[in-house]
Amino acid sequence: MTHTQNLIWNSFLPEGVYMPDGEPHVFNDRIYLFGSHDKEGGETYCMLPYEFYSAPVDDLTKWTSNGISYRADQDPLYNEKRCYMYAPDVVQGNDKRFYLYYQLAGYRGVGGYFGPISVAVSDRPDGPYEYLGFVRNADGTPHNEIVTFDPAVINDNGTIRLYYGTLYPYDEWKEMKEKDGKIFVDKAQAETIKADDFDVTLVDKLEMEMFGRTKEQLEAARTKYGSVMGPVTVTLAEDMLTVTSDIKRITPYKTYGTEWQEHPFYEGSSIRKIGDTYYFIYSSLLNHELCYATSLYPDRNFKFRGTIISTGDIGLNGRKAKDRLNATGTTHGSIEKIKDKWYVFYHRVTHGTDYSRQALAEEIKIEEDGAIKQVEITSQGLNGKPLPAKGEYPAGAACIITNGNMPHGSNSEIKELIPMLINEDEDRFITNISDGTWVGYRYFDIKDDTDLSVEIRVDKRELYSESKTEDKIESKIEIYDAIGGEVLGSKMVSDINDWHWMNIKTGLKIGKRAIFIKYSGDGFISIRKIRFS
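Considering the overall build of the protein chain
Counting its regular elements, the protein chain contains three helices and 34 strands. Whereas a compact globule of 533 residues would reach a radius of gyration of roughly 24 Å, the protein chain reaches 24 Å, a difference of no more than 12%. Dimensions of the protein chain, computed from the C-alpha atoms along their principal axes, are close to 75 × 55 × 45 Å. Long-range contacts, defined as pairs at least 24 residues apart, comprise 62% of the intrachain contacts of the protein chain with a sequence gap of at least 6. Roughly 21,900 Å² of accessible area belongs to the protein chain as shown, and the carbon and sulfur atoms make up 46% of that amount. Of the charged side chains in the protein chain, 63 are positive and 82 negative, and the gap between their average positions amounts to 3 Å.

Points about the sheet that holds strand E13 (residues 159–164)
An order of E12-E13-E14-E15 is seen for the four strands of this open sheet, with the pairing classed as antiparallel. Edge positions in the open sheet fall to strand E12 (152–156) and strand E15 (248–249), since each of these has one partner strand only.

Side note on the pattern of salt bridges
In total, this model carries 31 salt bridges according to the counting rule given. Residue Arg272 is joined to Glu23 by a salt bridge in which the shortest nitrogen-to-oxygen separation is 2.8 Å. Of the two residues, Arg272 is situated in strand E16 (residues 265–274) and Glu23 in strand E2 (residues 23–27); the sequence distance between them amounts to 249 residues. A residue is classified by how much of its surface remains accessible, and Arg272, at 6% relative accessible area, is buried.

Re the packing of helix H2 (residues 203–211) against helix H3 (residues 215–225)
Where H2 contacts H3, the two axes come as close as 9 Å, and the packing angle between them is 100°. Of the possible angle classes, the one that applies to H2 and H3 is roughly perpendicular. On H3, the residues touching Val203, Asp204, Glu207 and Met208 of H2 are Lys215, Leu218, Glu219 and Arg222.

Observations regarding the environment of Asp481
With respect to the helices and strands, the residue Asp481 is situated in the loop between strand E30 (475–480) and strand E31 (489–493). Classification of Asp481 as partly exposed rests on a relative accessible area of 30%. Measuring from C-alpha to C-alpha, the distance between Asp481 and Glu238 comes to 55 Å, with 243 residues separating the pair along the chain.

Considering the packing of aromatic side chains
With the rule as written, the count across this model stands at 35 aromatic pairs. Ring plane angle 70° and centroid distance 5.0 Å describe the contact between Phe27 and Phe98, whose orientation is recorded as edge-to-face. A residue pair is termed long-range when its members are at least 10 positions apart, and Phe27 in strand E2 and Phe98 in strand E8 (residues 98–102) qualify at 71 residues. In this pair, the class of Phe27 matches that of Phe98, namely buried. Aromatic side chains Tyr279 and Tyr292 sit 6.0 Å apart centroid to centroid with 10° between the ring planes, which places their arrangement in the stacked category. Separated by 13 residues along the polypeptide, Tyr279 in strand E17 (residues 277–284) and Tyr292 in strand E18 (residues 289–295) bring together distant segments of the chain. The two residues Tyr279 and Tyr292 agree in class, both being buried. Three or more aromatic residues joined by ring pairs make a cluster, and in this case those are Phe27, Tyr32, Phe34, Tyr50, Phe52, Tyr70, Phe98, Tyr102 and Tyr129. Over the aromatic face of Phe134 sits the side chain of Arg136, whose NZ or CZ is 4.6 Å from the ring centroid. In this arrangement the basic side chain of Arg531 is found over the ring face of Trp501, its NZ or CZ atom lying 3.9 Å from the centre.

Observations concerning the pairing of E8
The two faces of a sheet get side chains in turn, since along a regular strand they alternate between them. Of all the five residues making up E8, five are buried; the element is thus mostly covered by neighbouring parts of the structure. Sheet topology places strand E7 (residues 89–92) next to E8; four bridges connect them, and they run antiparallel. Bridge pairing in E8 places Asp89 opposite Tyr101. From the end of E7 to the start of E8, which pair antiparallel, there are five residues, and Lys96 there has a positive phi angle of about 75°.

Regarding the sheet that holds strand E10 (residues 118–122)
If you walk across this open sheet you meet the four strands as E7-E8-E10-E11, and the pairing is antiparallel. The sheet terminates laterally at E7 and strand E11 (130–134), the two strands that pair on one side only. For this sheet, the mean angle separating the axes of adjacent strands, direction not counted, is 30°.

Let's talk about the nonpolar core
Counting residues in each nonpolar core, the largest one holds 36 residues, and the members touching the most others are Phe280 and Phe302. Mapped by element, the contributors of at least two residues to this core are E12, H2, H3, E16, E17 and E18. Apart from residues no more than four positions distant in its own chain, Phe302 is found in contact with Ile250, Glu259, Trp260, Ile271, Tyr278, Phe280, Ala293, Thr294, Ser295 and Tyr297.

Cut-offs used in this document
- Residues numbered from 1 in each chain as written.
- Predicted model: local features only at pLDDT ≥ 70, side-chain atom pairs only at ≥ 80, totals over all residues.
- Heavy atoms only, no water.
- Helix = DSSP H or I, 4+ residues; strand = E, 2+ residues; numbered from the N terminus.
- Rg over C-alpha atoms; globule rule 2.2 N^0.38 Å.
- Contact = heavy atoms within 4.5 Å.
- Areas by Shrake-Rupley, 256 points an atom, 1.4 Å probe, with all protein chains shown as cover.
- Lys, Arg positive; Asp, Glu negative; His and termini not counted.
- Charge placed at Lys NZ, Arg CZ, Asp CG, Glu CD.
- Pairing = 2+ DSSP bridges.
- Salt bridge = Lys/Arg side-chain N within 4 Å of Asp/Glu carboxyl O.
- Buried < 20%, exposed > 50% of the residue type's maximum accessible area, 1.4 Å probe, protein only.
- Axes fitted to C-alpha atoms, helices over the stretch in contact; angles between N-to-C directions.
- Parallel < 35°, antiparallel > 145°, perpendicular 65-115°, else oblique.
- Phe/Tyr/Trp six-rings, centres within 6.5 Å; stacked < 30°, edge-to-face > 60°.
- Lys NZ or Arg CZ within 6 Å of the ring centre and 35° of its normal.
- Core = buried A, V, L, I, M, F, W, Y, C linked by side-chain atoms within 4.5 Å.

Shape is all these values report; function is a separate question.
Written out as structure tokens, the structure reads:
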């Protein structure tokens, strides 16, 4: 399947394709995205087979899929309880073949921490792949002492290095409660856990059930490694399966009092080597951001450096979690250089769940000292510059969708009635737009005076207030170039429950501009497209 569009906005894959957990790699003048494959409107993670997309590095408007790359039922470990394939990575071996590393898991993640890591092989980056085996110790037993989750792999000048792990700070919380009768909950952990709900006596039970280990196995891992959790790395033999080194920790599994305290590792290991520096990219316990650490060594001395991107712009310019600019959930991805530019690839949630995650990208800059400053979420994506203010754009090109009180929902369905991107068959649009909702696009290149048309539908839910059931409540759409800024154009919304265009005269100034659409009034509307005239 070939997907071509004259422009590339934030969502660069075909509409209806949901590829989270993206690992971007350039092979032979093509950029490949290796990721999981969610179902549109799905009920759990990774319901579909792997289907890897790629594009020429010279033309990022042309993304091509050769169909299914690999199916879960090709793996002998496949069963009804572990039937989905989670975040993968691909590396080119010293034999020039391509090796796919992945983890099987079940409904909403159950069994995903049981291990081991599976491996498939192909002569092409995008497959088709054939099952090869699982990562094993020298004696042939599955390599599974530390939780083997979200594998990442790199060919480091002929040395194959595998990274993996997940972290729930149960041991740390247990020690804190035993020490002074309470659990230390730092700013990151407070996003995910309620301290009052935690019971020390449940620690072993939680870890045994979650990680598929016996109590004896947990104790053995604690004795040898401190914990069964946390990001680690090993090297692999030429067979791409056999572990040839000791397990080395990348970050501490106890973060209190360390530089990792406010952005602890959670999952999504990814590794890059830029010059002589190793970049470890990961999803933090905050669960809405990608962070990074660097070292001159592949297996030690990593230093936390900061956040690359947050799907709610949290942390950018001091933004608090309560003021997130989108509904947030898991995000996972990495960075890659395409010709002379660097990009971060990540994913966002749609459909009000964490199970239809959409691949996005933003241009980033690596400073002379190796630092990556947090970038804002935009609509520009791989375009790398403001989008032309001409023609039509899908509503889903919006980078901000907020009613001012957007939730976080990891591995869940958001119960609140919030604005969100959804689909009805092949029709895709933003729905549940209610009073005070902002839909934002950053940025457009405004060349001259322009009008903006918005394709909307009025949804027949609570259309009129209870106090004025016989009178229509005047509802309107307003155009701004910043949230809370000056109104640049507005128009009243008529009571039409079919899709129709509203043309709005705007006062957008020439240059790089954001466009924010604000709805005010009773009831709910949906937006399908915007158009410049």
